[in-house]
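Single-letter residue listing:
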Amino acid sequence: MIISNDEVGLHGGQGIRRGIEDNGGCVAFMEQISLRFSKQRILQVVELIRRHSVKVIIVHSPDVHAKLFLQTLYEQNITNKVWVFTAAFAIGPGLLGNQAWKILNGSLGVAPYTKPMPGFEEFVSRIHPSGYPYDIFIKILWEKTFNCKFKEENTSDKTTTKESPDTCSGQENLENMTRVLFELNDLSYSYHGYLAVHAFAHALDTLTACVPGQGPFLNGSCANTNDIKPWQVLHYLKNVHFETRTGHEIFFDANGDAPAAYDILNIQISQYEEFQLVKVGKLDPSAQEGKDVIVNDSAIQWSDGSSEVPRSICSESCTAGYRKAAREGEPLCCFDCVPCSQGEISNDTDTVKCSKCLENQWPNERRDQCIQKLIEFLAFDEPLGLMLTLSAAFLSLLTALILFFFIKYRDTPIVKANNRGLSYLLLVALMCCFLCSFIFIDRPRKLTCMLRQTIFAVIFSISVSSVLAKTVLVVLAFKATHPSSSARKWLGSKMPICIVSFCSLVQILICVTWMVKSPPFPERNMASSKEKIIFACNEGDAIFFYCMLGYMGLLATVSFIVAFLSRNLPGSFNEAKLITFSMLVFVSVWISFIPAYLSTRGKYMVAVEVFAINSSSLGLLGCIFFPKCYIIIMRPDRNTREHLVGKHHFPNKCKNGYDVLS
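Within any chain, residue numbers begin from 1 and follow the written order of that chain's sequence. In view of the model being predicted, local features appear only for residues whose pLDDT reaches at least 70, and side-chain atom pairs are presented and counted only at 80 or more, with totals across whole chains, interfaces and linings using the full set of residues. Only hydrogens and water are removed before side-chain values are computed, so all heavy atoms of the structure are retained for them.

A.B. asks: Mind showing me how you'd approach unusual backbone geometry here?
C.D. replies: Excluding glycine, a negative phi dihedral is what most residues carry, and trans is how most peptide bonds are arranged. For arginine 367, which is not glycine, the phi dihedral falls at a positive 60°. Phi at aspartate 442 takes a positive value of approximately 90°, unusual for a residue other than glycine. Counting from the N terminus, the helices are the DSSP runs of H or I reaching at least four residues and the strands are the DSSP runs of E reaching at least two. As for its position among the elements, aspartate 442 is in the loop between α12 (437–440) and α13 (446–479). We call a residue buried when its accessible area falls under 20% of the maximum for its residue type, exposed when it is over 50%, and partly exposed in between, using a 1.4 Å probe and counting protein chains only. You can call aspartate 442 partly exposed: its relative accessible area is 29%.

This is the structure:
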């Protein structure tokens, strides 16, 4: 908006601005102009218009203040703007030169509503100074129009009788010049003068027709026609109500205002630089709704010559999936479009605030619709779950096959030399370790959540305590090689059973306490991931979970230390070295498991634990039993008492140790 720096501009401009904003529009800037402003200050306003993206500019200023401003626009070649002039601006071709008017081509303005004035053009065309000898304005008009001068009455006799070329003869023809001279295409102000004269005439007519005793004044008196007072005329003027010959109804409301109707005008400059004001609509606030503004779009000619209505925006509309973010220091119509935040959508254009999806929903890629979150758990039919299932099944079958070979060759020296009962128990426990992986896979349920950690913990405790018992048994066997040794009383089947039972019982007590105090349960976790619902087992009190893992780690560490200290015992049948490697693998896996477990979520957390179970169990199986199976199947020649005892190294001690273990 461009407004004049006076009361008309300031108050009127604020009213126009409120009206625009109340109807969903926006004013990007409002700058003032004045006749008294310097050219430099006007240039600042023009430069702002040049930089800004808006195309429609409203001018609410009298034309006298806007003239310098419009001239500067022309000098700075500011084109492709649509100007809208309010009624305060009198549009006329005499304001600017023909070239300067080009910048306003296609612009719109409003002027007081007009209708034809019957006989007006004929009246204007027949004006002659002789018909109005006392009207000084007609003589001035005539002289200006025909560039002549009327002969003064007091001219000296010495003046030549021959008419000068610059002397008005009175014979000039005004008829052919009326349309250009009087701007008959815009008679808005003339028309309202015409209405004012008619209203005044009706008031005088009513005043003179007053009947004494029935008048509107004191005691029914009428106005004295020989001495009419202005207030008396005003009384009748307020109450006039008539129609012109063209059907225009004239009256005044309680505030003394006539119906405010306006013509909407379009400035059109032809290719021959002819200036035209074309009526393209009407603005009548007093008309019924829907007819208060009438515009003939097809009659409007815009600055670029097209009939398409130009768009004036500071920012493009924000599409669905985006929201409007106001720019600091700029009006509301100037904004940036930013994508909705995670978990939010907008399904309409120019949304100020995105709406949040429900807890179990998530926005689609375009963020214009909430969709149901995927429920994630480690399933049998997905690649990761299928791979872990097949590997657990294969390893359990492999363990069963090794157990079959150990039972089949139970009387061979290599099987007898390593305590057959503990080997059978360890193989069965390892097979159960592989099989317990199945409890971790598929949709979590209350029973599976309670069983999977407890079964895994107890079976692993049996496995590790069996390894510990085998290690202790080897050490004691070599300590009890002398018949009188006190260590012989600890040998036999009772000692391994006691070790396995005691170590497993401690883990069982931990698990029972866990199940009583804070048992695991299935849970739909919506907070860990914004894109999906993680369906997993909540382990309850995490202290019990880490106590279970810690106790299992303690057993493995003790087994590793004992096996490591006894690794150099004589005899090729000695399992201490194999147990040392197996415990090293076992401990390494579970030490790596903890950070990997804590850094993952959802199905990958379960997959990490299943992988740790399978890999640690495979470490025990491979390090302890694969070498023995190799000898049993591939090298039966080495499966002899002499080879295991080791004739050439410590024969007596090895022999006695072998006899004890057998």
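A.B. asks: What is the right way to look at the packing of aromatic side chains in this model?
C.D. replies: Aromatic ring pairs are defined here through the distance separating the ring centres and the angle between the ring planes. Only rings of Phe, Tyr and Trp enter the pairing, Trp through its six-membered ring, and a pair is recorded when the two centres are within 6.5 Å. The plane angle decides the type: under 30 degrees is stacked, over 60 is edge-to-face, the rest tilted. One pass over the full model with this rule turns up 21 aromatic pairs. Joined through ring pairs, the aromatic side chains of Phe440, Phe456, Phe460, Trp514, Phe545, Tyr546, Phe586, Trp590, Phe593 and Tyr597 make up one cluster. Any Lys NZ or Arg CZ that is within 6 Å of a ring centre and within 35 degrees of that ring's normal is treated as a charge sitting over the ring. Stacked on the ring of phenylalanine 335, the Lys or Arg lysine 324 has its end atom at 4.8 Å from the ring centre. In this arrangement the basic side chain of arginine 524 is found over the ring face of phenylalanine 535, its NZ or CZ atom lying 4.8 Å from the centre.

A.B. asks: Would you mind going over the pairing of strand β8 (residues 262–269) with me for this structure?
C.D. replies: If a strand is regular, its side chains alternate between the two faces of the sheet. Among the eight residues that make up β8, seven are buried, leaving the element largely enclosed by the rest of the structure. Of the strand pairs in this sheet, strand β5 (residues 108–112) and β8 are connected by five bridges, and their pairing is antiparallel. Paired with proline 112 across the bridge in β8 is tyrosine 262. Strand pairing is assigned whenever DSSP detects at least two bridges linking the two strands. As paired strands, β8 and strand β9 (residues 275–283) are joined by eight bridges and run antiparallel to one another.

A.B. asks: Looking at this structure, I do not really get the sheet that holds strand β17 (residues 374–376). What am I missing?
C.D. replies: Each strand in a sheet pairs with its neighbour through backbone hydrogen bonds, running either in the same direction (parallel) or in the opposite one (antiparallel). What the three strands build is an open sheet, ordered β17-β19-β18; its pairing is mixed. The open sheet has two edge strands, β17 and β18 (521–525), and neither has a second partner. Sheet twist, expressed as the average angle between the axes of neighbouring strands with direction ignored, equals 25°. In this sheet, strand β19 (residues 532–538) lies alongside β17 in parallel orientation, the contact comprising three bridges. Directly across from isoleucine 375, in β19, lies its bridge partner isoleucine 533. Axes here mean lines fitted to C-alpha atoms, for a helix over just the part in contact, with angles spanning 0 to 180 degrees between N-to-C directions.

A.B. asks: Sorry, what's going on with the pattern of salt bridges here?
C.D. replies: Between side chains of opposite charge, pairing is possible as soon as their charged atoms come close. Salt bridges are identified by distance alone: a Lys or Arg side-chain nitrogen within 4 Å of an Asp or Glu carboxyl oxygen. Considering all chains together, one arrives at 14 salt bridges under this definition. The salt bridge involving glutamate 382 is made with lysine 603; its shortest N-O contact spans 2.8 Å. One end of the pair, glutamate 382, is in the loop between β17 and α9 (383–408); the other, lysine 603, is in helix α17 (residues 603–634), and 221 residues separate them in sequence. The class for glutamate 382 is buried, based on a relative accessible area of 15%. Exposure remark for lysine 603: the relative accessible area of 15% places this residue in the buried category. Arginine 452 serves as the salt-bridge partner of glutamate 539, at 3.7 Å between the closest nitrogen and oxygen. Note that glutamate 539 is positioned in the loop between β19 and α15 (542–565) and arginine 452 in helix α13, a separation of 87 residues in sequence.

A.B. asks: Sorry if this is basic, but what is going on with the side chain of glutamate 344 here?
C.D. replies: Summarising the element assignment, glutamate 344 is placed in strand β13 (residues 344–345). The contacts of glutamate 344, once residues within four sequence positions are left out, are Cys354, Ser355, Lys356, Pro363 and Arg367. In what follows, residue pairs with any heavy atoms lying within 4.5 Å of each other are defined as contacts.

A.B. asks: Hey, could you run me through the packing of α15 against helix α16 (residues 576–598) in this one?
C.D. replies: How two helices pack is summed up by the angle between their axes together with the distance between the axes. With their axes 8 Å apart at the nearest point, α15 and α16 run at an angle of 155° to one another. What the angle tells us is that α15 and α16 run roughly antiparallel. The way α15 lies across α16 gives a crossing that is left-handed. Residues Phe545, Tyr546, Leu549, Met552, Ala556, Ser559, Phe560, Ala563 and Phe564 of α15 lie in contact with α16, whose contacting residues are Ala576, Ile579, Thr580, Met583, Leu584, Phe586, Val587, Trp590, Phe593, Tyr597 and Leu598. Following the grouping adopted for this structure description, the nonpolar residues are Ala, Val, Leu, Ile, Met, Phe, Trp, Tyr, Cys and Pro, the charged ones are Asp, Glu, Lys and Arg, and the polar ones are all others, Gly among them. Partitioned by chemical class, the residues of the contact of α15 with α16 number 18 nonpolar, two polar and no charged. Our angle categories are set so that under 35 degrees counts as roughly parallel, over 145 as roughly antiparallel, 65 to 115 as roughly perpendicular, and the remainder as oblique. Note: crossing handedness is left-handed where the near helix turns anticlockwise from the far helix by less than a right angle, and right-handed where it turns clockwise.

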